[in-house]
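Take a look at the letters that make up each chain.
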Amino acid sequence: MPSALPRDNRLALAPSGKSADEKPKTKTGREAFRAVVIGGGTGAPVSIKALFSRGIQTDAVVAMADDGGSTGMLREHTGMVPPGDIRKCLVAMASNPESIWVKAFKQRFSYVNDHTLGNLILTALNDNSGSFPEAISLCEQLLDARGHVHPSTLEYVTLTGRTRDGRRLRGQATLCASQTALASVSLDPSAPQAFEPALKAIREADLIVLGPGSLFTSIIPNLLVPGVLAAIAQSKGTTVFLCSLADMQGETWGLTSAELVEALFDHGMRGLLDIVVVHQPSGDKDPGSATGTFAAIDPSVPPKPAVSEVATESIRRVLFNRELAQRIESQGPMLIVRDLVDPLRPTWHDVFVLSEVFEGVLSVCPSRRR
C-alpha cells in the first residue's frame, strides 16, 4: 500500500515553536472534516480534545470488554456493558470542561466502592430507559457533548489473550496486569454484533485515529468486532496510529514501536494503516538514542508544576530508533516523529502537539482511498 505522504516528508510536520500553553486556533472550514477516535481508557480522550481544539467534528468508538474497577463491578452486578470508558469520552466531549455537570460526572466516591457518579448515572439511565445507547444520548445532552460516543458492540463480551510465552489469560483486567507482553487477544463470544452507528461513524470519517492507549485492551478489542475492519477499509479517510510513549502496563512490556505496529497488523490492520506517530525527545537528532525512562505519575492525581515532586518510580520509554523506523516504513505506513510528551504528565501525549499533528495530516492528505 502506498504511503499517505511522500517518504521525504517524514519530518515535514515540524514543531511550530509555539508554547505548549498556547491554545490552538480553530481552522476555517475544519468543521467540514469528520474524525473518529477508536480506543478507550485514558488515551482516547486526549485525541478527542486535540481534534476538537482544531474544530474537527469528532466521534468515538469505544471497546466494551473492560471488567476492572468500578466499571467491572457494575458490569458484574447489572449485566450491562461497561460504562467507564464511555464516561471518559463523554467528559472529553463536553462543551465546557469546567461545568458543574462535568465535575460531578467525574467525581469518585471512595466510600461507595470507588464508583464515579458518571458510571452510576449511565447505569441508572440504562435501567430506566432500557437502552444503553439511549443512556449515552441522554448523557451527551446533559454534558452538551460536541460529538457522539459509540460502543463498538452492545453485547456482553470477555477479552481473552495469549502471552508471548504461551500462557492463556482471561479478562481485561488480568490481561492488563500480565507479567509478560501479550501476543494476541480475542473476544468471547468471538463474533459479537457491531453497533451500526459506530460502523457508520468510521465509514464517514476523514480521519481515523487509533489511540493513544493500551494497545491490546483498549484499541484492538474494537477491531475484533466483526464489521469494524471492513468499515475502516470502506472509509476514504486517513488512518493514524498513535504509538504509546511508555510501558505502563504488563501487556506491552518490552515491546518496541515496530512490534506495536505489527501487533495491529496481526489483528487485521495490515494494508489499512497509513500513518504511525512516534515519540522522539526534542533535541534528539539521532533516533537511535531514543531510549530511557519517564518519571511516573498517577493519572488520577492533578498535575503539579514540578514533576519531580510527585515522581515515585520510573517507566520505560517505548523503544524507537533508526532501524525500527525503517522496519515500520518498509511495511507501508509513513512515520511522523515528534516530541509528544505532555510537560506536566510525562507519560501522557501532549494535547497541543497532537492537535498540530492532526492539522498537518488533514492539510497534506485529507483523503486516502478516493
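Quantities reported herein were computed from a predicted structural model and do not represent experimental measurements. (Residues numbered from 1 in each chain as written. Predicted model: local features only at pLDDT ≥ 70, side-chain atom pairs only at ≥ 80, totals over all residues. Heavy atoms only, no water.)

Q: Describe the overall build of the chain, with residues and values.
A: Counting secondary structure elements, the chain contains 13 helices and 14 strands. Scored against the burial criterion, the 370 residues of the chain give a buried share of 56%. Counted over contacts in the chain with a minimum sequence separation of 6, partners at least 24 positions apart contribute 75%. On the chain, roughly 15,400 Å² of surface is accessible, and the fraction owed to carbon and sulfur atoms is 50%. (Helix = DSSP H or I, 4+ residues; strand = E, 2+ residues; numbered from the N terminus. Buried < 20%, exposed > 50% of the residue type's maximum accessible area, 1.4 Å probe, protein only. Contact = heavy atoms within 4.5 Å. Areas by Shrake-Rupley, 256 points an atom, 1.4 Å probe, with all protein chains shown as cover.)

Q: Tell me about the packing of helix H2 (residues 69–78) against helix H5 (residues 117–129), and name the residues and values.
A: Two numbers describe how H2 lies on H5: the axes approach to 10 Å, and their chain directions differ by 20 degrees. Here H5 runs roughly parallel to H2, going by the angle between their axes. The element H2 and its partner H5 pack so that their crossing is right-handed. Contact with H2, carried on its side by Ser70, Thr71, Leu74 and Thr78, involves Asn119, Leu120 and Thr123 of H5 and no other residues of that element. Residues belonging to the contact of H2 with H5 are distributed by class as follows: 2 nonpolar, 5 polar and no charged. (Axes fitted to C-alpha atoms, helices over the stretch in contact; angles between N-to-C directions. Parallel < 35°, antiparallel > 145°, perpendicular 65-115°, else oblique. Left-handed = near helix turned anticlockwise from the far one by under 90°. Nonpolar A, V, L, I, M, F, W, Y, C, P; charged D, E, K, R; others polar.)

Q: A description of the side chain of Arg87 should follow, citing residues and the corresponding values.
A: One can find Arg87 in helix H3 (residues 84–93). Look at Arg87: it is buried, it has no salt bridge, and the nearest opposite charge is Asp85 at 6.5 Å. For Arg87, the side chain forms a polar contact with the side chain of Thr116, separated by 3.0 Å. Engagement of the side chain of Arg87 in a polar contact is seen with the side chain of Asn119, the distance being 2.8 Å. Each residue touching Arg87, except ones within four places of it in the same chain, is listed here: Phe105, Arg108, Thr116, Gly118, Asn119 and Leu122. (Lys, Arg positive; Asp, Glu negative; His and termini not counted. Salt bridge = Lys/Arg side-chain N within 4 Å of Asp/Glu carboxyl O. Polar contact = N/O pair within 3.5 Å; in protein donor to acceptor, adjacent residues only side chain to side chain.)

Q: Which residues make up the packing of helix H9 (residues 215–223) against helix H11 (residues 257–269), and what values do they have?
A: Packing of H9 against H11 brings their axes to within 10 Å, and their N-to-C directions diverge by 30 degrees. It follows that H9 is roughly parallel to H11 by the angle criterion. In this structure, H9 meets H11 at a crossing whose hand is right-handed. Contacts from Leu215, Phe216, Ile219, Ile220 and Leu223 of H9 reach H11 at Leu260, Ala263, Leu264, His267 and Met269. When its residues are assigned to classes, the contact of H9 with H11 shows 9 nonpolar, 1 polar and no charged.

Q: Lay out the pattern of salt bridges with the relevant residues and their values.
A: Inspection of every chain in the model, using the stated rule, returns 10 salt bridges. For Asp85, the salt bridge is made with Lys88, and the minimal N-O distance between the two is 3.7 Å. Placement of the pair is Asp85 and Lys88 together in helix H3, with a separation of 3 residues, close to one helical turn. When its relative accessible area of 8% is taken as the criterion, Asp85 is described as buried. Judged by relative accessible area, Lys88 falls into the partly exposed class, the value being 27%.

Q: Can you lay out the confidence of the model for the chain for me, pointing to particular residues and giving the numbers?
A: The predicted model of the chain has a mean per-residue pLDDT of 84, with 81% of residues at 70 or higher. Counted against residues more than four places away or in other chains, residues 1–28, with its pLDDT under 50, gives 54 contacts. Counting contacts from residues 287–312, a segment whose pLDDT is below 50, to residues more than four positions away or on other chains yields 59 contacts. (pLDDT = per-residue confidence, 0-100.)

Q: Break down the sheet that holds strand S11 (residues 275–279) for me, citing the residues and quoting the values.
A: Taking strand neighbours across the sheet as the criterion, the 7 strands line up as S5-S2-S1-S9-S10-S11-S14 in an open arrangement whose pairing is parallel. Each edge of the open sheet is held by one strand with a lone partner, namely strand S5 (149–151) and strand S14 (334–338). Strand after strand, the sheet turns through a mean of 20 degrees between neighbouring axes, direction not considered. Inspection of the sheet shows strand S9 (residues 207–210) paired to strand S10 (residues 238–242) by 4 bridges, in the parallel sense. Bridging across to S10, Leu207 finds its partner in Thr238. On the sheet, helix H8 (residues 196–203) packs against strand S1 (34–39), strand S2 (57–62), S5 and S9 and is oriented at approximately 125 degrees with respect to S5. Most of the contacts of H9 go to S1, to which it runs at about 130 degrees, and overall it touches S1, S2, S9 and S10. (Pairing = 2+ DSSP bridges.)

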